[in-house]
Amino acid sequence: DAGVIQSPRHEVTEMGQEVTLRCKPISGHNSLFWYRQTMMRGLELLIYFNNNVPIDDSGMPEDRFSAKMPNASFSTLKIQPSEPRDSAVYFCASASGGANEQFFGPGTRLTVL
Amino acid sequence: GEDVEQSLFLSVREGDSSVINCTYTDSSSTYLYWYKQEPGAGLQLLTYIFSNMDMKQDQRLTVLLNKKDKHLSLRIADTQTGDSAIYFCAESSSNTGKLIFGQGTTLQVKP
């Protein structure tokens, strides 16, 4: 299995631009999570989906952030417009019930200039 | 609300044992986890323990759970330089798969 796949691995953009991060969960997993990691705030859960339905988006910082999961094999996290304080590593993770073990992708390092 | 606390930094010498500690507040936690994050990588699950267990051992790793005190520890025997990483404690108390993570403990292993 290829594991959780995220793209791009690195993204550098200018303030005000739209950024779209992509995630392909492990096949058969029915839960998907988006996290943000920074030195200042550590690892934060932004939103998670169960069976493609958003369950809890209370961690999404602002209306500038949105996430979708159109099908079981794909999810996006969009930031529009982006700001320098959005610079962070964004992780996607997937899980399949049971012990709630989450498998993390390699992350997307976002830099907003 | 739910909270997970860890010390931020631990330094040990190669060959020594490392003990990383974690406390949590949610008494309804069902599973508790230890994740490892190496530089530039995502989090990797090391081990987990069900809340009705006191101890779990897996090769060099030993997890101890004191449910009364809501205290979890990870012991790494014969610590190697390759064990240098950030270790995250996490707890889960729902069927949704949502985890609450601690802030991570940076383990530095000196040769």
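Residues numbered from 1 in each chain as written. Chains lettered and ligands numbered in written order. Predicted model: local features only at pLDDT ≥ 70, side-chain atom pairs only at ≥ 80, totals over all residues. Heavy atoms only, no water.

Notes on the state of the cysteines
Turning to step 1, where the next piece is worked out: Under the defined criterion, the tally for this structure stands at two disulfides over all chains.
Turning to step 2, where the next piece is worked out: Bridging A:C23 to A:C92, the disulfide has an S-S length of 1.9 Å. Taking the torsion about the S-S bond as the criterion, the A:C23 to A:C92 disulfide, at about -65°, is left-handed. One end of the pair, A:C23, is in strand 3 (residues 19-24); the other, A:C92, is in strand 9 (residues 88-95), with 69 residues separating them in the sequence. Taken individually, A:C23 and A:C92 each receive the classification buried, so the pair is uniform in this respect.
Turning to step 3, where the next piece is worked out: Sulfur-sulfur distance for the disulfide between B:C22 and B:C89 comes to 2.0 Å. Judged by the sign of its S-S torsion, about -65°, the cystine formed by B:C22 and B:C89 is left-handed. (Disulfide = S-S within 2.5 Å. Helix = DSSP H or I, 4+ residues; strand = E, 2+ residues; numbered from the N terminus. Buried < 20%, exposed > 50% of the residue type's maximum accessible area, 1.4 Å probe, protein only.)

Here we look at the interface of chain B and chain A
Turning to step 1, where the next piece is worked out: In this complex, chain B contributes 19 residues to the contact, which on the side of chain A involves 19 residues.
Turning to step 2, where the next piece is worked out: Carbon and sulfur atoms supply 54% of the area buried between chain B and chain A, which totals about 1500 Å² over both sides.
Turning to step 3, where the next piece is worked out: Run the count over chain B and chain A and you get zero salt bridges.
Turning to step 4, where the next piece is worked out: Linking chain B with chain A are two residue pairs in polar contact (both at pLDDT 80 or more).
Turning to step 5, where the next piece is worked out: Sorting the residues of the side of chain B that touches chain A by element identifies strand 4 (31-37), strand 5 (43-50) and strand 9 (85-92) of chain B as the ones contributing at least two each.
Turning to step 6, where the next piece is worked out: Looking at side-chain class alone, the side of chain B that touches chain A contains ten nonpolar, eight polar and one charged residues. (Contact = heavy atoms within 4.5 Å. Buried area = accessible area lost by both parts, 1.4 Å probe. Salt bridge = Lys/Arg side-chain N within 4 Å of Asp/Glu carboxyl O. Polar contact = N/O pair within 3.5 Å; in protein donor to acceptor, adjacent residues only side chain to side chain. Nonpolar A, V, L, I, M, F, W, Y, C, P; charged D, E, K, R; others polar.)

Quick notes on the pairing of strand 6 (residues 55-58) of chain B
Side-chain positions along a regular strand alternate between the two faces of the sheet.
Residue and element names in this part refer to chain B.
Turning to step 1, where the next piece is worked out: Relative to strand 7 (residues 61-66), strand 6 runs antiparallel, the two being bridged by four bridges. Considered in strand 7, the bridge of Q57 is made with T62.
Turning to step 2, where the next piece is worked out: Adjacent in sequence and paired antiparallel, strand 6 and strand 7 are bridged by two residues, among which Q59 carries a positive phi angle near 55°. (Pairing = 2+ DSSP bridges.)

Digging into the sheet that holds strand 8 (residues 74-79) of chain A
Residues and elements named next belong to chain A.
Turning to step 1, where the next piece is worked out: In spatial order, the strands read 1-3-8-7; together these four strands make up an open sheet with antiparallel pairing. A single partner strand is all that each edge strand has here, and the edge strands are strand 1 (5-7) and strand 7 (65-71). When strand polarity is set aside, the average angle formed by the axes of neighbouring strands in this sheet is 15°.
Turning to step 2, where the next piece is worked out: Note that strand 1 and strand 3 share three bridges and pair antiparallel. Across the sheet, the residue bridging to S7 is R22, located in strand 3. (Axes fitted to C-alpha atoms, helices over the stretch in contact; angles between N-to-C directions.)

Here we look at the pattern of salt bridges
All names here are of chain A.
Turning to step 1, where the next piece is worked out: With the rule as written, the count across this model stands at eleven salt bridges over all chains.
Turning to step 2, where the next piece is worked out: A salt bridge links E44 to R36; the nearest nitrogen and oxygen atoms lie 3.2 Å apart.
Turning to step 3, where the next piece is worked out: Accessibility expressed as a relative area gives 15% for E44, which makes it buried.
Turning to step 4, where the next piece is worked out: In this structure, E62 and R64 form a salt bridge, with 2.8 Å as the shortest nitrogen-oxygen distance.
Turning to step 5, where the next piece is worked out: For R64, a relative accessible area of 10% corresponds to the buried category.
Turning to step 6, where the next piece is worked out: Several salt bridges converge on common partners, so that one network encompasses E62, R64, E83, R85 and D86.

Fair warning: the whole summary comes from geometry, so function is off the table for now.
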